[in-house]
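# Commentary on secondary and tertiary structure
One-letter residues, chain by chain:
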Amino acid sequence: MPIKLPSFRQRRDAYPSDLWTQCPTCQEMLFNKQLDKALRVCSNCGHHFRLSAAARLSLLLDQDTFEERDSGLQSLDPLGFVDLKAYPDRVAAAQANTGLRDAAVWGFGAIGGRPIAICVMDFSFMGGSMGSVVGEKVARSAEAALARRIPLLIVSASGGARMQEGTLSLMQLVKTVAATERLRQAGIPLISLMSDPTTGGVFASFAALGDVNLAEPNALIGFAGARVSAGTIQGELPEGFQRSEFLFNHGFVDRVIHRSDLRDELIKLVGLLAPVQLADAGADNGSIAAFRPLSFLSALADRVIPESDEVVRG
Amino acid sequence: MPIKLPSFRQRRDAYPSDLWTQCPTCQEMLFNKQLDKALRVCSNCGHHFRLSAAARLSLLLDQDTFEERDSGLQSLDPLGFVDLKAYPDRVAAAQANTGLRDAAVWGFGAIGGRPIAICVMDFSFMGGSMGSVVGEKVARSAEAALARRIPLLIVSASGGARMQEGTLSLMQLVKTVAATERLRQAGIPLISLMSDPTTGGVFASFAALGDVNLAEPNALIGFAGARVSAGTIQGELPEGFQRSEFLFNHGFVDRVIHRSDLRDELIKLVGLLAPVQLADAGADNGSIAAFRPLSFLSALADRVIPESDEVVRG
Amino acid sequence: MVERLINRAGRKGSGADSAAGPLDPADPTAAVWARVQLARNLRRPRTLELLALIADDFVELHGDRYFGDDPAIVAGLARIDGRRVVVVGQQKGAETDENIRRNFGMPHPEGYRKAIRVMELGERLGLPIVTFVDVPGAHPGADSEERGIAESIAKSIALMTRLRTPIVTVITGEGGSGGALAIAVGDVVLALENAVYSVISPEGCASILWRTPDQAPAAALAMRMTAADQLQLGVVDEVIPEPREGAHTDHPATAATIKTAIIRHLAVLERKPLDDLIEARYRRYRALGAFTTLDVEPVIIPDRPGFTDRLRNLLGGSTRATNGVGPNPTRPYDEPPAREEV
Amino acid sequence: MVERLINRAGRKGSGADSAAGPLDPADPTAAVWARVQLARNLRRPRTLELLALIADDFVELHGDRYFGDDPAIVAGLARIDGRRVVVVGQQKGAETDENIRRNFGMPHPEGYRKAIRVMELGERLGLPIVTFVDVPGAHPGADSEERGIAESIAKSIALMTRLRTPIVTVITGEGGSGGALAIAVGDVVLALENAVYSVISPEGCASILWRTPDQAPAAALAMRMTAADQLQLGVVDEVIPEPREGAHTDHPATAATIKTAIIRHLAVLERKPLDDLIEARYRRYRALGAFTTLDVEPVIIPDRPGFTDRLRNLLGGSTRATNGVGPNPTRPYDEPPAREEV
Ligand SMILES: [Zn+2]
Ligand SMILES: [Zn+2]
């Protein structure tokens, strides 16, 4: 049994209507407004639909606390890569389709009143693949979290490294892990939240190395892709192979958390992982002012994160 | 199939003659002089007979380089332990039978011209069980190796912790490991050589934690003893369960080495693990002079270990 | 094995009932054995029950990051009296089904490797560590040996000797040899009044030294395994009194006393500079043991082939007295090797 | 799988033969593909063959201390030109039987965990680390996933980014994505002339982006996976020339050149203060990547449900345009997700 490959074509066929969405797991027709209110979890079978970066941020963070950073990072075409289509055209199409500049967004925010750095991937942008821009954003989020001594939350949703940037994409595994390791070695917590899917080079780098690894239910989490596994594995795959619960049973995920509990769990977890940092966060506020939120997400970021002392009070 | 329990009664039955020894593995009758020349390895099947501490030292170290330390350590009877026999009587009997004061001997020596600290256990003394004296000797050998910055070689041959000293025996696991950890953290190599048997609390402490773990062929190495395993394990045990090769296959032993290759391998290994330490070893020589080798093993120790600069030359 | 342990659990239950009666000081063996039964009582509070009563917040962390997650060991982050701590402890099940799921509280290597991972996280975050110890012993099965139960215990002990953060250990029930010690290396080691701590189970000790498990009570007495004995030996630093007929009769009261003791010791330990803390921990264990140092005279060797003769012989000399060489004595020899889990 | 890989190995062999001929500059695709075949040539020297020619002494260390020993990765202590080093490298077999035993050089998690253990030993002993990289990719099987192949690769990468000792990496053959990178994080990364390095196998890349593995040569060209290309990209620091028709035609000459390069670089690295070394290593990888920073204007959004609309909708507003929400677009979408081993 080869792994079911996430595929947009299939998804597209699965959504005949603007008003109703069919659950790919239980085939139930779901009224979209209800589905959105249920945080895009199937009310019938609990299937967790994928979330856009913006939706994920609004789901997890204290309202209006997100302040994006480095929204201007734009990938280049270091290899002059052309397959059936030129890489720059693929990027342009993805930008037009998603309104994102690349597959990751990072910035500062607050959760339960505590400041954190957060980096969120978006699978709808070229399968959430990690190229130079995604790698750079993850690394910068880790370096910023270290500078402010605040926890870093990375929400993964990715098929792996971006082939079109060749080994430069592969090098992002080192770049990101080098940065998150500095964070961890300094005693600043890294929380890795794996959503569907978290595979290949993303799982084989920062996503697997959280001080705490969380996963949404039934998310596809693994190293080798369907084609590889299908071609190499004899016979049946184990029950639930490469799904969140499988990873939990094998010791690589601390907790599998239903989306409706996610924010509360994170608030509790951040509270236990991180002391309230006064000096550091405060000292750094000058540099915050230097930035201006500029992307679409600025709609979410019209307030700066709370001053540290407010954090203590709140 | 319960594990075959090492037992002296069985061994005694296995040696009807003073001149011939029957191999417990292949039943071949071996002429003792030949057996000794073969380092007590069966010429027919390769069975490795157990070695006394003295024989082990003479096998491994450069000739006449052993200088024993702390030969005067004598166990007490902290619990006033009496089973079918009083603990002090068991100790006295073991001393009379073996000529050893307890189940371990430690001191300084040289191997391939390089100074090392060495601690050797002797199974013939109460099954090589680790009580306060064995634990103290292992800890002192580690502290001395750290002070001189020379490698430590521990040769294990033990059924585990000594019941008659109760939890004080258990605490020797912590005492020994605390000392060997300080050694390893300081970058001084610890070589663990496991001979038949290395089980229970000895395997569950320093013996398992060598920077390099070596084992003699087919040595019994494991945690739980025959009675426990037999009582709890359903059905057949895996092939070669708790033997050196089994531990090798499961990743806990670096190399399984035939006794005839042991000294050469150790010379090579010590040469690769340890730089020649001039300053430290030299600085410490004063304290060497303070000691006088006093036990039976003094016969092996009528020379002090080479001066460091001699080590460099030789 | 399961059946066997359920029966044993059954006996524990009844044992506990009998223990509810007063202990007869005239019969120390019975008194000690009653305590062993109390320590094994299935209704005693375990790590999760205690945390529910002690902690304001608790998030359990799962998995060793190598092979699996072991339900016999619980580990996570907790807030106790406003103080953030890392907690690690064994977990038996109160009911049979749960007990089977928890493997009767007997950890596999995954359990100790999870403990190691979470304790290392605690050190990185600068959080003190609290451990709750209650285990018959590490799981002795073949799978456990295959994946290195001894190595995992050794590595956990090694880590705890050098962790640069305060560690408070509480022996709450059965302190079963290496399986207990693996998470019981602390700056302070506390024990509940009816807890026991031993190098080997009384049954195992009896079956080796008395040649029959029926002598377990005698072995229990000989090993001096009660909390009070361990306090005398210096293995335990403080005994925490239990309510009424024992911890199982009043979980809240038990938890409250434990909480107070933990907080009191953490407050002291947290004031120590880390280097002093680590050195004191090293000295604590370095000092445990009972031996004397003789002004060395060779032990008198009986009139039979001498050691040096044997040595000469081994080095290729005469063939006489090979019977004396090394570990193959022909003389009567009645010490059984101490082959047992630690 | 075995059969499949043997066939593939067979093809490699023939590929190597054809590659013995001159490369046609007029046909870059063929030229690149020929190099790929050379890189995969079964007669190329692997870690053990190279060590036999390079090292004065070598003691191999086995086992990960968790689960097993992986023959696809060799690790140990060596003396090269009088200098003590730790060596880690993949190991394919030259003959089919040996190749099967070595799992075609594709490591399981145990292999990377052994590498981690031995590299940590090297750091403790203050020994520099030399790695030889030649791997089709980490083993992609179910057992490998069960035991955390991705985690083991990530952990090895993480360790190498912070090891406080010099690291010299040599790509000697196939630099197969994450399975290669796991032991290829160095202060200096060298590559043999005919080595290749890629984020995914050309066959895998072709089957995803071209929808057929037959386009592997085109994918190989597009990914610029040759040593020369990698040098241009800055992923590789120096290319080591190969003798005659390739390394497989002259092991001693190949080993000699590699040895000289390793010694030269170690001599330089060993003079650096460790803090500078680690910082330089961090900077080396921190700088790899190709992006620009735009003076940020919102990207023009096509005339269809806008992002903020969608967001408002998600937060409970109008139901229009749900088709646009998050990852479920109804619009044509032709980027296949990059589901592959790294
Ligand atoms: Zn559904
Ligand atoms: Zn034989």
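In this report, we go over the structure that sits alongside the text. Nothing here was measured: the structure is a model prediction, and the numbers come from that model. (Residues numbered from 1 in each chain as written. Chains lettered and ligands numbered in written order. Predicted model: local features only at pLDDT ≥ 70, side-chain atom pairs only at ≥ 80, totals over all residues. Heavy atoms only, no water.)

## Some words on the overall build of chain C
Helix and strand content of chain C: 14 helices and nine strands. The 342 residues of chain C split such that 65% are buried. For chain C, the accessible area works out to roughly 11,100 Å², and carbon and sulfur atoms hold 54% of it. (Helix = DSSP H or I, 4+ residues; strand = E, 2+ residues; numbered from the N terminus. Buried < 20%, exposed > 50% of the residue type's maximum accessible area, 1.4 Å probe, protein only. Areas by Shrake-Rupley, 256 points an atom, 1.4 Å probe, with all protein chains shown as cover.)

## Concerning the coordination of the zinc ion (ligand 1)
Residues and elements named next belong to chain A. Taken together, C23 (SG), C26 (SG), C42 (SG) and C45 (SG) make up the full set of protein donors to the zinc ion (ligand 1), lying 2.2 to 2.3 Å away. Because the angles between the four donor atoms bound to the zinc ion (ligand 1) fall within 104 to 115°, the donor set is best described as tetrahedral. Here the donor residues of the zinc ion (ligand 1) are spaced in sequence according to C-x2-C-x15-C-x2-C. In this structure C42 comes out as buried when scored by relative accessible area, which is 3%. Using a relative accessible area of 35% as the deciding quantity, one classes C45 as partly exposed. (Donors = N, O, S within 2.8 Å, 3.2 Å for Na, K, Ca; no water. Tetrahedral: all angles 85-135°; square planar, octahedral: opposite > 155°, others 65-115°.)

## Looking at the coordination of the zinc ion (ligand 2)
All names here are of chain B. The protein atoms that coordinate the zinc ion (ligand 2) are C23 (SG), C26 (SG), C42 (SG) and C45 (SG), at distances of 2.2 to 2.3 Å. Around the zinc ion (ligand 2), the four donor atoms sit at angles spanning 104 to 116°, and that spread fits a shape best called tetrahedral. Coordination of the zinc ion (ligand 2) draws on donor residues from a single chain, spaced C-x2-C-x15-C-x2-C in sequence. In this pair, C26 is assigned in the loop between β1 (20-22) and β2 (29-31) and C45 in the loop between α2 (32-37) and α3 (53-60), connecting sequence segments 19 residues apart.

## Overview of the pairing of strand β1 (residues 57-61) of chain D
Residues and elements named next belong to chain D. Counting buried positions along β1 yields four of five residues, so the element is predominantly enclosed. Sheet topology places β1 next to strand β2 (residues 73-80); five bridges connect them, and they run antiparallel. Residue pairing for β2: L61 is matched across the bridge by A75. (Pairing = 2+ DSSP bridges.)

## Topic: the interface of chain D and chain B
Contacts between the two partners involve 22 residues from chain D, matched on the other side by 24 residues from chain B. Summed over both partners, the interface of chain D with chain B comes to about 1,900 Å²; 54% of that surface belongs to carbon and sulfur atoms. At the boundary of chain D and chain B, one finds three salt bridges. The residue D:R65 makes a salt bridge to B:D254 at a minimum N-O spacing of 2.3 Å. At the boundary of chain D and chain B, one finds eleven residue pairs in polar contact (both at pLDDT 80 or more). Among the elements that take part in the side of chain D that touches chain B, β1(D) stands out by supplying five residues, more than any other. Residue composition of the side of chain D that touches chain B, by class: ten nonpolar, three polar and nine charged. (Contact = heavy atoms within 4.5 Å. Buried area = accessible area lost by both parts, 1.4 Å probe. Salt bridge = Lys/Arg side-chain N within 4 Å of Asp/Glu carboxyl O. Polar contact = N/O pair within 3.5 Å; in protein donor to acceptor, adjacent residues only side chain to side chain. Nonpolar A, V, L, I, M, F, W, Y, C, P; charged D, E, K, R; others polar.)

## Observations concerning the packing of helix α5 (residues 109-125) of chain D against helix α7 (residues 149-162) of chain D
Residue and element names in this part refer to chain D. The geometry of α5 relative to α7 is characterised by a closest axis approach of 8 Å and an angle of 20° between their N-to-C directions. Put simply, α5 runs roughly parallel to α7. The way α5 lies across α7 gives a crossing that is left-handed. Contacts between α5 and α7 involve P109, Y112, R113, I116, M119, E120 and E123 on the former and, on the latter, I149, E151, S152, I153, K155, S156, L159, M160 and R162. Residues belonging to the contact of α5 with α7 are distributed by class as follows: eight nonpolar, two polar and six charged. (Axes fitted to C-alpha atoms, helices over the stretch in contact; angles between N-to-C directions. Parallel < 35°, antiparallel > 145°, perpendicular 65-115°, else oblique. Left-handed = near helix turned anticlockwise from the far one by under 90°.)

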